[in-house]
Structures are given as C-alpha cells and as structure tokens.
Amino acid sequence: MTPTAKPNLVRNLVVRALLFFASIFLLRFVYVVTVYGGSCTAGDYCLFSPLAEPLTVAGTTGGTSASAAVASAHAGLGSSATPAVRAIWTSREWRKAVEFYSAVFHDLVAEGFLSPASKSLCVDAPAGYEVLALKEIGVADATGVARKSAPPLVVAGGNLLHLPFKNGTFDFVFAGQSLDRRKQPADLAAEIARTLRPHWFLVVLTASGGDAYSLHTLAKLFPGCVVVRSREINSSDSSKSLREIVFQKQEGTHIVSADGNSDTKCPIPEHKLQILQSAEPLIEEEPLKPWITFKSNIQNVKYLPSIADISFKQRYIYVDVGARSYGSSIGSWFRKRYPKQNHTFEIYAIEADRAFHKEYATKKGVNLLPYAAWVRNETLSFEINHDPDNHDVGKGRGMGRIRPTGGSDGRVTSDDVHPIQGLDFAAWLKKTATERDYVVMKMDVEGTEFDLVPRLFKTGAICLIDELFLECHYNRWQKCCPGQRSPKYPNAYQECLNLFTSLRNAGVLVHQWW
C-alpha cells in the first residue's frame, strides 16, 4: 500500500461517520415534526434522549395523542402561564390528577351534562386540576375558585360562602369533594346552587351518599335542584370509591319556611322507609317483667347512625326531654355510647325539677331549659313522688311529673308540689330545628308523652325528629308486688304500643326505651 492511501482511508471513514450522524439527525427531526406537529424544541431535542411515551386522553379514539390536546389548552392560556407553572402542569402528579378529571368530564360530555360550549365553574379547586382538565377536553370557558388564587386557572373566593359571581352565571358547576371537606356544608351548597343557571347541571363527588338517607340529605342541601343521576366511580388513586351525583337546577326558587315545614303534615320519603326496615321490631306482647325485658331490649336497638350516613346535615342536635341529672342519660349514655360519626352535637336538657338545675351550670356544651315540656306555655303544678317500684328512686330523688289540672288524680299523692313553667315543646322545637338538621331525642316525661306526641303530630314538629328514644309509662306489673299493677299511670300497654306504631308509621325511627 502506498503512503498516501492511509490518509484517504481515514478521510473516508470520517465522511461516512458524519453522513451516518446526519441521517440520524434528519430522521429524528422528521419523526418529531410528524408526530408532535412542530419542530424540535430545546426541551425534547436531544439526540440520544428517549422519547416520552405519548399520553392518551380518556374518551378519544384512533389512538389520538394527548399532547395535541394539552398543547392546545396550554396555548389557549396564553402568556399568563409562566414557564415554571407550565413545568408543574406536565409533572407526573399533575398529569395523573388531570387525567382522572378528564375521564370524569368525558363521561359527562357523553351523557349530555356538559359540552364544549358550557360556561363552567370548579368550586374549591385550589390546585386547578379540574380546570385544566376541562380546558384540555375542549371546554374553553372554565374557571376555578378557591380560598386563594392560583393564576391563571383559579381565582380567589375567600371562604367560598360569597362566591364572586352573579346568580345563574354558569351552565356547569363541578363541586368535586368540596362538601366532604366542610363540617357544615349547607351554606356552601346553597351558594354553589345560586351560581348555576336553571335547567343546567351541577356535579358533586363524595365519599358519602351511598345510602338513600345520605343521598336524600345531600339533595336537600341544594335549593331548587333535583338528582338526575347517581353512580359509584373509582377515586384518582383507586384506593376507594366515590359517589358521583348529578343535579339539575329547576326553574324558580325553592322556598323553605322558617320552621322548615310548609304545613302540619310531612310525607314519608323512601329513605325513611328504608331506615325503618332496618329497625329492631317492637315488643308486641306486654312483658311480665318489664324491668328485665326493656333493659335487655336496649341491646337490640339499631341506632340510625349505624344504619346510614348522617354527614350532610346542617346541624346536629340532641334533646333530652325529662333529663333529670346530667348522669342520668346525657353523661352516661348519649355522650359515651351514641354513635355520632365524629359530629359535634348541640345538647338541650329540658328538666323541670329544680333539684337538678345547679348541676347543669357546670356542664359545658349543655343548654338547660328549666321548664316542663308541655302542649302550651302556662304555669303548672309539678309534683315529686316516691313510687317504690321506680327504677330511679335509688338515686335519692323521686320522679317528677306534671300534676293533673285540679289537683292529684288519686293514684299517687305527694306533698312535694310546687309551681313550674310549662313550655310549648312543639313550638320550641320548630323554632330551634329545621328539616336540614339531624335531631335525636330522648323522652322520659312520666306519662306526659300521651299529651306531647299528639301535639307533635298536630303541629308538624314530628317531621323534624330523626330518631326518638321514648320511655312509655303505663300501669305495668310491679317488681315490688307480684300480681299487682302500678297505680301511678292510667294507660295500658296496648296504648303505648299504639303510640310507638303511630310514630313508626309517620317515618320516625322510635325505640322502646327504659
């Protein structure tokens, strides 16, 4: 080989290598332009870096890449999104959240609840995942609102109870799980409904709402809206299921009277009937040893919160009518044993016996009403008797009851009589609670239940009670004196059973209490 042949060989190898790399360069350029619809950018134009796997938008067909939809949505946001913000939007965490909401919205589009032309609002969307998802599927007029702004997707709305939008502004409102994050969701729900146009749609995601009682309670929170669809979906991380509920706003305004009732009669909706089907059966036959039978029956009681989700009530109220001492039932039973599902209850103790009033002054969170529950506001005679067969006498104080008009009825007499103010209990209840509240009540009023319960029916106040623990007093067999009935009460056991039956027929979950 001649000396000049060696440099020529080297030169040929160099030229071939350059041509090889140029071919790779050209092929990559053609590929990126063809697939992504544009030229290589500094972010993805690296000769040997692997191409990211294209994302597929849920609901698209033909293997359409999500990149085109994402690019279009991002371009539509203009210069308001800084490079740093755009980098966050393309992170793995963001893409996972956005794609979850995109799938939800695609289904809503397919069902006709949402369209690209819908003026849309996402409530309590601090990050803006939902807003970006709407824009990426083609809903251009989408706005998010949260406590703090997150430009360019989310505007500031303060505490969200006064949203910065006029009535009927939006065609579509997505509330997400905003109600689950609030202890008292009623005010937020009403404000959300205010911003929605009549005939258009509102969507809520919730970890609750799986039973008829909870779904009915949730629907009550949105004035003028009706449920048009409810289904179960997987959450974004698939670790739990969510309930997706679609509401449609009706024309006009739904008016609720101040006491929560439009008349004295209340319907028995399906959700209450389902609750009653799960209740323990009533004791049909009069027990020979009531002090044993009724105490044992307490173990069979099906508490309403153990049957249904009570999350969407506006307030939670416990009323102890005939409370006696704090330890009689409030401290020993309600606060310790009643299932509250982590809700804080307002507690009212209605007790006429002045011997117990001083104790309640030291009990935080208990509102004492020092009256006798009655059918009207008037002065009454209140007597303390010492029936030897009464289960509470051993606590050092006889049981008190309203003395019949005109003096004693001859059955039980007592010299311990003093005047007391009677309280129109039904009227008080209607002023204190509404149908949006959860009201649980214990009533032990020494025979006055035969006056109070009919009054609750007559006034419609019975509609406000979700659960009632009622001790019904009748001429039962005495523990002290075999074969003898108590002379204290005139009513028979069948009358008590009729009282319980009428309450359940009215949709009240009532329990035979002792």
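Remember, predicted model here, so these are calculated numbers, not experimental data.

This next bit is on the pattern of salt bridges. According to the stated counting rule, one finds 18 salt bridges in the structure shown. One salt bridge in this structure joins Asp 124 and Arg 181, with 3.1 Å as the shortest N-O distance. Taken together, the residues span a long stretch of sequence, with Asp 124 in the loop between β1 (120–123) and α5 (129–136) and Arg 181 in the loop between β4 (170–176) and α6 (186–194) at a distance of 57 residues. Since its relative accessible area comes to 15%, Asp 124 is described here as buried. For the salt bridge of Asp 437 with Arg 315, the shortest nitrogen-to-oxygen distance reads 3.0 Å.

What the rule picks out here adds up to 28 aromatic pairs. With 6.0 Å between their ring centres and 80° between their planes, Phe 345 and Tyr 438 make a pair best called edge-to-face. Here Tyr 438 lies in strand β15 (residues 438–443) and Phe 345 lies in the loop between α11 (330–337) and β9 (346–350), a separation of 93 residues in the sequence. Each member of the pair, Phe 345 as well as Tyr 438, carries the same accessibility label: buried. Aromatic ring contacts, followed pair by pair, group Tyr 303, Tyr 316, Tyr 318, Trp 333, Phe 334, Tyr 338, Phe 345, Tyr 438, Phe 469 and Trp 513 into a single cluster. Its guanidinium or amino end placed over the ring of Phe 334, Lys 340 lies 4.8 Å from that ring's centre, counting from NZ or CZ.

Moving on: the sheet that holds strand β10 (residues 366–369). In sheet architecture, strand pairing relies on hydrogen bonds along the backbone and comes in two forms, parallel and antiparallel. One open sheet accounts for 6 strands, arranged β10-β9-β8-β15-β16-β17; its pairing is parallel. The open sheet terminates on both sides in strands that have one partner only, identified here as β10 and β17 (509–512). Here the average twist between neighbouring strands, direction ignored, is 15°. Two strands pair when backbone bridges link them, and strand β8 (residues 316–321) and β15 are joined in this way by 6 bridges, in the parallel orientation. What sits directly across from Tyr 316, in β15, is Tyr 438.

All right, on to helix α15 (residues 493–505) then. Taking 1.5 Å of rise per residue, 13 residues should cover 18 Å, and α15 covers 18 Å from first to last C-alpha, within 8% of that figure. Along α15, the residues classified as buried are Tyr 493, Cys 496, Leu 497, Leu 499, Phe 500, Leu 503 and Arg 504. Taken end-on, α15 shows its buried residues confined to a sector of 155°, consistent with a single buried face. Lining the buried residues of α15 we find α8 (270–277), α9 (290–297), α14 (449–459), β16 (467–470) and β17.

This part takes up the packing of helix α13 (residues 425–432) against α14. Viewed as axis vectors pointing N to C, α13 and α14 meet at an angle of 50°, and their least axial separation amounts to 9 Å. As far as their axial angle goes, α14 and α13 are oblique. As for how α13 packs across α14, the hand of that crossing is right-handed. Contacts between α13 and α14 involve Phe 425, Ala 426, Leu 429 and Lys 430 from the first element and Leu 452, Arg 455, Leu 456 and Thr 459 from the second. Taken together, the residues that form the contact of α13 with α14 break down as 5 nonpolar, 1 polar and 2 charged.

This paragraph deals with the pairing of β17. On β17, burial covers both faces: Leu 509 and His 511 on one face and Val 510 and Gln 512 on the other are all buried. Of the pairings in the sheet, the one linking β16 to β17 comprises 4 bridges and is parallel in character. When the bridges of β17 are listed, Phe 469 appears paired with His 511.

Bringing the packing of α14 against α15 into the picture now. Interaxial distance between α14 and α15 falls to 12 Å at its minimum, and their mutual angle equals 25°. In this view, α14 runs roughly parallel relative to α15, as classed from their interaxial angle. Like other packed secondary-structure pairs, α14 and α15 cross with a definite hand, here left-handed. Contacts between α14 and α15 involve Glu 449, Phe 450, Val 453 and Phe 457 on the former and, on the latter, Glu 495, Cys 496, Leu 499, Ser 502 and Leu 503. Classifying every residue of the contact of α14 with α15 by side-chain character gives 6 nonpolar, 1 polar and 2 charged.

Another aspect to go through is unusual backbone geometry. The omega angle of the peptide bond from Pro 151 to Pro 152 is 0°, so this bond is cis rather than trans. Of note in the backbone geometry, Leu 160 takes a positive phi value of approximately 75° without being a glycine. For Leu 160, the position within the fold is in the loop between β3 (154–156) and β4. Relative accessible area serves as the criterion here: at 1%, Leu 160 is assigned to the buried category. Within the chain, Gln 341 stands out as a residue other than glycine whose phi angle is a positive 50°. Along the chain, Gln 341 falls in the loop between α11 and β9. Note on Gln 341: relative accessible area 28%, which makes it partly exposed.

What follows covers the sheet that holds strand β5 (residues 196–206). Judged by pairing direction, the sheet is mixed, and its 7 strands sit side by side in the order β3-β2-β1-β4-β5-β7-β6 without closing on themselves. Unpaired on one side and paired on the other, β3 and β6 (225–234) mark the two borders of the sheet. Direction aside, the axes of adjacent strands within the sheet are offset by 20° on average. In the sheet, β5 pairs with strand β7 (residues 241–249) via 6 bridges, with the strands oriented antiparallel. Bridged to Val 204 within β7 is Ile 245. Lying over the sheet, α6 contacts β1, β4, β5, β6 and β7, oriented at roughly 140° with respect to β5. Packed on one face of the sheet, helix α7 (residues 212–220) meets β5, β6 and β7 and runs near 40° to β7.

What counts and what doesn't
Residues numbered from 1 in each chain as written. Predicted model: local features only at pLDDT ≥ 70, side-chain atom pairs only at ≥ 80, totals over all residues. Heavy atoms only, no water. Salt bridge = Lys/Arg side-chain N within 4 Å of Asp/Glu carboxyl O. Helix = DSSP H or I, 4+ residues; strand = E, 2+ residues; numbered from the N terminus. Buried < 20%, exposed > 50% of the residue type's maximum accessible area, 1.4 Å probe, protein only. Phe/Tyr/Trp six-rings, centres within 6.5 Å; stacked < 30°, edge-to-face > 60°. Lys NZ or Arg CZ within 6 Å of the ring centre and 35° of its normal. Pairing = 2+ DSSP bridges. Axes fitted to C-alpha atoms, helices over the stretch in contact; angles between N-to-C directions. Expected span 1.5 Å × (residues − 1). Arc of directions from axis to C-beta. Contact = heavy atoms within 4.5 Å. Parallel < 35°, antiparallel > 145°, perpendicular 65-115°, else oblique. Left-handed = near helix turned anticlockwise from the far one by under 90°. Nonpolar A, V, L, I, M, F, W, Y, C, P; charged D, E, K, R; others polar.

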